[in-house]
Amino acid sequence: MKCDRCNRPAIVHQIIISGGQHKEVHLCEKHAQEAGIPNPGKQPINKMLEKIGTIAVPLKATSVSCPQCGSTLAQIRQSGLLGCDQCYDVFDQLAHSMVERAQHGATQHSGRQPGQGPADRARQHERSRLLRALDDAVRSEQYERAAKLKHQLADLNHSKDVPDDNDGAGESA
Amino acid sequence: MSADVPSPDDQIFELEADVVLTSRARIARNLSGSPFVHRSDPEQCQTVAEEIRTAAECVDLPGSPVWIDLAEISNRHRRVLYERHIISRQHAEGHHPRGVIVDEDETTSIMVNEEDHVRMHTIAQGLQTDHCFDQVRDIDRSLETKLPWAFHQRLGYLAACPSNVGTGVRFSAMLHLPALSLTGDLKKVQNAANDLKLAVRGYYGEGSESSGNFFQVSNQVTLGCSEEELLEQFQQVILPGIIQYERSARRALLRQDRVGIEDRVRRDIAVLRSARLIKVDECMRRLSTVRLGVCLGILDDVDLRHINSLFVLIQPGHLHERVGDALSPREALVTRADTVREMLA
Ligand SMILES: [Zn+2]
Ligand SMILES: [Zn+2]
């Protein structure tokens, strides 16, 4: 995950709750220092938690519950299950880390989208390939290559409306 | 049921049926805007079940499917559905409103209100994961026109458990690995499976023991690859590796001790053909050896299809169903032995 203010990797992740709203903050070492948040690099426990995929969340966050199903952070942590589709947005960070762990590091869907027919399969393969290349480029900090790949992805998504019957199935996409 | 599906003997090796008993594909889906099953009260479960049932009726699924309300049928019938791999144990043992849609030849089933709102499955004999996937994908596409599946731009299709998000697709194959069990090389398969991000379970899925030397292998990761990539990896790369490994172990056994293997196989078929009382574990074990014997060409008067269906027919629920009444433990032993003798006569 990137820093909110620059392109460096974020090392501080916080959920801030005020007035019933929750906001996420991700900062790199430099910007965390500027914001007056102590450098977690000097606190081995934080590093450790980060490694095993747990994100330090202020205790107050446990009082947040999903408006649709009523699940709380503690309940989701305990059961390992999300309560509804909205939980994935309300508890975005926790959901992300749970998915990452369960899916052996994968965090980006590159399969079928709703409404996609068989004619879209070739494009889906291409999309999947580009997404993986992008992930790779970002991880290895090849930002120019990443930008190029993002462009290609946008072009690919743009071509969605163009009819394409490369395998001739008579299904509306 | 396997006994009803014609599979001529020359097709055994074509579909890799000497090692692969069945293959399956499943898709997990949830409705947007409703709590997932474990967060729903009985009323919400009922509403969801009706919504899904209505949608399924509207889209005209193939194979004249029927709706079975699991809360309405007896324990024994739920047990039979579970033994036939139509529903999971969790689904059989639930207490909330739930159901299953099954087509007439029992190859496709849609579990409603299992861990996810909808779990669509198709099953086929031998290695036909691709064929299964085509069918289950069509069902998903049909239902999608009527139901608002929960979908997330980044994470794909959402599920209660993070291990099912993304494609929601799981491929599995029930593998018969008697030779690898005998040679003690199963551990290697299991280690390799972990490295390949595969889950290995027993004959009756999660938490069940692998009786009869059956192992259900499935992909653990459902996110980050397209459905086609997952399928290709599973059917073209992973399974052929395990199949070849088992086959070479079988050949090695024959080379090293042909008489010993023949002796085991012939003793086991003799016991199955004459026993009057038999326990389920013993029965599974001997059927497994006999199955190996048929695939090695040692036994030529036994139909592989009969053996395959016996693994299901000897289970407690099916024995009860056959007699139509609750059985005492001893009656179960008798009925099981009768079932086996009839089938192998
Ligand atoms: Zn920064
Ligand atoms: Zn929720």
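Each value, and the rule that gives it
- Residues numbered from 1 in each chain as written.
- Chains lettered and ligands numbered in written order.
- Predicted model: local features only at pLDDT ≥ 70, side-chain atom pairs only at ≥ 80, totals over all residues.
- Heavy atoms only, no water.
- Core = buried A, V, L, I, M, F, W, Y, C linked by side-chain atoms within 4.5 Å.
- Buried < 20%, exposed > 50% of the residue type's maximum accessible area, 1.4 Å probe, protein only.
- Helix = DSSP H or I, 4+ residues; strand = E, 2+ residues; numbered from the N terminus.
- Domains from an automatic or database assignment.
- Contact = heavy atoms within 4.5 Å.
- Buried area = accessible area lost by both parts, 1.4 Å probe.
- Salt bridge = Lys/Arg side-chain N within 4 Å of Asp/Glu carboxyl O.
- Polar contact = N/O pair within 3.5 Å; in protein donor to acceptor, adjacent residues only side chain to side chain.
- Nonpolar A, V, L, I, M, F, W, Y, C, P; charged D, E, K, R; others polar.
- pLDDT = per-residue confidence, 0-100.
- Pairing = 2+ DSSP bridges.
- Axes fitted to C-alpha atoms, helices over the stretch in contact; angles between N-to-C directions.
- Expected span 1.5 Å × (residues − 1).
- Donors = N, O, S within 2.8 Å, 3.2 Å for Na, K, Ca; no water.
- Tetrahedral: all angles 85-135°; square planar, octahedral: opposite > 155°, others 65-115°.

### Digging into the nonpolar core
Part 1 of the reasoning: Counting residues in hydrophobic clusters, the biggest one holds 77 residues, and the most contacted among them are Ile110, Met120 and Leu143 of chain B.
Part 2 of the reasoning: Examining the composition of this core, we find that 14 residues originate from one element, helix H7 (residues 227–274) of chain B, more than from any other.
Part 3 of the reasoning: Composition of this core by domain shows at least three residues from each of domain 1 (11–244) and domain 2 (257–344) of chain B.
Part 4 of the reasoning: Contacts of Leu143 of chain B, omitting those with residues within four sequence positions, involve Ala55, Ala56, Val59, Ile110, Met120 and Trp149 of chain B.
Part 5 of the reasoning: Cys69, Tyr88 and Ala95 of chain A together with Cys161 of chain B belong to the second-largest nonpolar core, a separate cluster that totals 26 residues.

### What about the interface of chain A and chain B?
Part 1 of the reasoning: Listed per partner, the contact involves 40 residues of chain A and 41 residues of chain B.
Part 2 of the reasoning: Taken together, both faces of the contact between chain A and chain B bury some 3,400 Å²; the carbon and sulfur share is 50%.
Part 3 of the reasoning: Counting every contact that joins chain A to chain B gives 4 salt bridges.
Part 4 of the reasoning: Scanning the region where chain A abuts chain B turns up 24 residue pairs in polar contact (both at pLDDT 80 or more).
Part 5 of the reasoning: Within the residue set of the side of chain A that touches chain B, elements represented by two or more residues are helix H3 (73–79), helix H4 (87–90), helix H5 (92–102) and helix H6 (121–139) of chain A.
Part 6 of the reasoning: A per-class count over the side of chain A that touches chain B returns 11 nonpolar, 22 polar and 7 charged.

### Quick look at the confidence of the model for chain A
All names here are of chain A.
Part 1 of the reasoning: When pLDDT is averaged along chain A, the result is 75; 67% of the residues meet or exceed 70.
Part 2 of the reasoning: For chain A, helix H2 (residues 44–51) is the element with the lowest average pLDDT, namely 47, and H4 is the one with the highest, namely 95.
Part 3 of the reasoning: Scored below 50 in pLDDT, residues 43–53 makes 10 contacts in the model with residues more than four places away or belonging to other chains.
Part 4 of the reasoning: For residues 161–173, every residue scores under 50 in pLDDT, and the model assigns this stretch 15 contacts once sequence neighbours within four places are set aside.

### Some remarks on the sheet that holds strand E10 (residues 214–219) of chain B
Residues and elements named next belong to chain B.
Part 1 of the reasoning: Here we have 8 strands laid out as an open sheet, ordered E2-E3-E4-E5-E1-E8-E10-E9, and antiparallel in their pairing. In this open sheet, the two edge strands, each paired with only one partner strand, are strand E2 (66–69) and strand E9 (198–201). Taken over all neighbouring pairs, the strand axes of this sheet differ in orientation by 20° on average, direction set aside.
Part 2 of the reasoning: Sheet topology places strand E4 (residues 108–112) next to strand E5 (residues 118–125); 5 bridges connect them, and they run antiparallel. If you follow Met111 over to E5, its bridge partner there is Arg119.

### Details of helix H8 (residues 280–295) of chain B
Residues and elements named next belong to chain B.
Part 1 of the reasoning: With 16 residues, H8 ought to run about 22 Å at 1.5 Å a step, and its terminal C-alpha atoms sit 22 Å apart, in line with that.
Part 2 of the reasoning: Most of H8 sits inside the fold, with 12 of its 16 residues counted as buried.
Part 3 of the reasoning: Of all the residues in H8, the buried ones are Cys283, Met284, Arg286, Leu287, Ser288, Thr289, Val290, Arg291, Leu292, Gly293, Val294 and Cys295.
Part 4 of the reasoning: Phi turns positive, to about 80°, at Gly297, one or two residues after H8.

### Looking at the coordination of the zinc ion (ligand 2)
All names here are of chain A.
Part 1 of the reasoning: Around the zinc ion (ligand 2), the protein supplies Cys66 (SG), Cys69 (SG), Cys84 (SG) and Cys87 (SG) as donor atoms, at distances of 2.3 Å.
Part 2 of the reasoning: Coordination at the zinc ion (ligand 2) is tetrahedral, judged from the 4 donor atoms that bind it and the angles of 96 to 123° they form at the metal.
Part 3 of the reasoning: In the primary structure, the donors to the zinc ion (ligand 2) are separated according to the pattern C-x2-C-x14-C-x2-C. Of this pair, Cys66 sits in the loop between H2 and H3 while Cys87 sits in helix H4, and the two are 21 residues apart along the sequence.
Part 4 of the reasoning: In this structure Cys66 comes out as buried when scored by relative accessible area, which is 2%.

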